[in-house]
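Observations on chain architecture
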Amino acid sequence: MESVSDALEQSLRDGEHRYWLTTSDGVGIDAVLLRGAEARTTAVVLANGFTGTHRNPHTRTIAETMYAIGDVMTFDFRGHHGSEGRSTVGNSEIHDMEAVLVRLRELGYERVVTVGFSMGAAVAIRHAAIFGGVDAVVAVSGPSRWFYRGTRSMRLLHVGIGKRAGRFFLRTFRKVRVIDRKWSPRPAEPREIAGEISPTPLLVVHGDADTYFPTSHATAIHAAARDPKDLWIIPGMGHAERAVEARLAERMRDWITERLRRISEG
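Figured I'd write up the structure that's included with this text. Every value quoted in this text rests on a predicted model; they were computed, and no experiment measured them. (Residues numbered from 1 in each chain as written. Predicted model: local features only at pLDDT ≥ 70, side-chain atom pairs only at ≥ 80, totals over all residues. Heavy atoms only, no water.)

What follows covers the overall build of the chain. Across its full length, the chain holds nine helices and eight strands. A compact globule built from 266 residues should have a C-alpha radius of gyration of about 18 Å, and the chain, at 17 Å, falls within 12% of that. Taken over 266 residues, the chain has a buried fraction of 54%. When contacts within the chain are restricted to residue pairs at least 6 apart in sequence, long-range pairs at least 24 apart make up 73% of them. Element-wise, carbon and sulfur atoms account for 50% of the exposed surface of the chain, whose accessible area totals about 12300 Å². (Helix = DSSP H or I, 4+ residues; strand = E, 2+ residues; numbered from the N terminus. Rg over C-alpha atoms; globule rule 2.2 N^0.38 Å. Buried < 20%, exposed > 50% of the residue type's maximum accessible area, 1.4 Å probe, protein only. Contact = heavy atoms within 4.5 Å. Areas by Shrake-Rupley, 256 points an atom, 1.4 Å probe, with all protein chains shown as cover.)

Before going further, it helps to spend a moment on unusual backbone geometry. A cis amide bond, omega 15 degrees, links serine 198 with the succeeding residue proline 199. Along the chain, proline 199 turns up in the loop between helix H7 (190-193) and strand E7 (202-207). Residue proline 228 is bonded to the preceding aspartate 227 through a cis peptide linkage, with omega at 0 degrees. Considering the arrangement of structural elements, one finds proline 228 in the loop between helix H8 (215-224) and strand E8 (229-234). Not every positive phi belongs to a glycine, and threonine 51 is a case in point at roughly 75 degrees. As for its placement among the helices and strands, threonine 51 is situated in the loop between strand E3 (42-47) and helix H2 (57-66). With a phi angle near 65 degrees, phenylalanine 147 is a residue other than glycine that sits in the positive phi range. Tracing the backbone shows phenylalanine 147 in the loop between strand E6 (136-140) and helix H5 (152-162).

Another aspect to go through is the side chain of threonine 151. Relative to the helices and strands, threonine 151 resides in the loop between E6 and H5. Threonine 151 has contacts with Thr211, Tyr212 and Pro214, leaving out every residue within four places of it along the chain.

A packed helix pair is summarised by two numbers, namely the angle formed by the two axes and the spacing between the axes. Relative orientation of the contacting elements H5 and helix H6 (residues 164-173) amounts to 90 degrees, with a least axis distance of 5 Å. By the angle between their directions, the pair H5 and H6 is classed as roughly perpendicular. Residue-level inspection shows Val159, Gly160, Ile161 and Gly162 of H5 in contact with H6, the latter providing Arg164, Gly166, Arg167 and Leu170. Of the residues that constitute the contact of H5 with H6, the class distribution is three nonpolar, three polar and two charged. (Axes fitted to C-alpha atoms, helices over the stretch in contact; angles between N-to-C directions. Parallel < 35°, antiparallel > 145°, perpendicular 65-115°, else oblique. Nonpolar A, V, L, I, M, F, W, Y, C, P; charged D, E, K, R; others polar.)

Turning our attention to H6. Along H6, the positions that sit buried rather than exposed are Gly166, Arg167 and Leu170. One face of H6 carries all of its buried residues, which in axial projection span an arc of 100 degrees. Turned more than 90 degrees away from the buried face of H6 sit Arg164, Ala165 and Phe173, all of them exposed. Buried residues in H6 make contact with H5. (Arc of directions from axis to C-beta.)

Put into structure tokens, the structure is as follows:
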């Protein structure tokens, strides 16, 4: 006998629609929309962390949970896997997010929520502050400031981004192509721009066992944001989408559902 989860998985496979999006600065983005047979007016966008992909099984599991809210679009940031261009590690990626939002609006979605992880969290915050057009933002395991080197994981990441050998490794083994020049000008940091998201609801989620960014990053973003905002520090949670367990994904789903309900009620 087919289980409910098996039926959902088959439904999602049947409802996969691939899209090739083009950003305002001309970069091709590989995206997938999980869409049911019946038209829905709400969509959730999942934005992976650095080196992540919409093919990631962790992303897929989160997408299945969010599917209860509405259709779900996942995508590869520029320079990642099937998308064109080179990663700018959180700067120009706001244009990737906007290309996703534009397509979803064209498809008729009236409510769109962005959920970002690590680099994707920084992008979700910056996108909402600069472009707007979203109904809620969830930022998971995101940095509050640039160039952080306070953990071993981030020191290794900076070697990967800043050194030729590191970029070769990322390109060869992680299918990620990174720019070989510094930002000019420096984009506003998430903590500098989080206040511009209001009145869009913002949820900041962070684990106290994160090996990339300590919880001070989450508290800095939350402190900089204006209401409506929420902060969850999750005991024992690690970093980004790989650390999001089923119970937390369901809790985030319920938070989104409640915020959308409040918007609908005015």
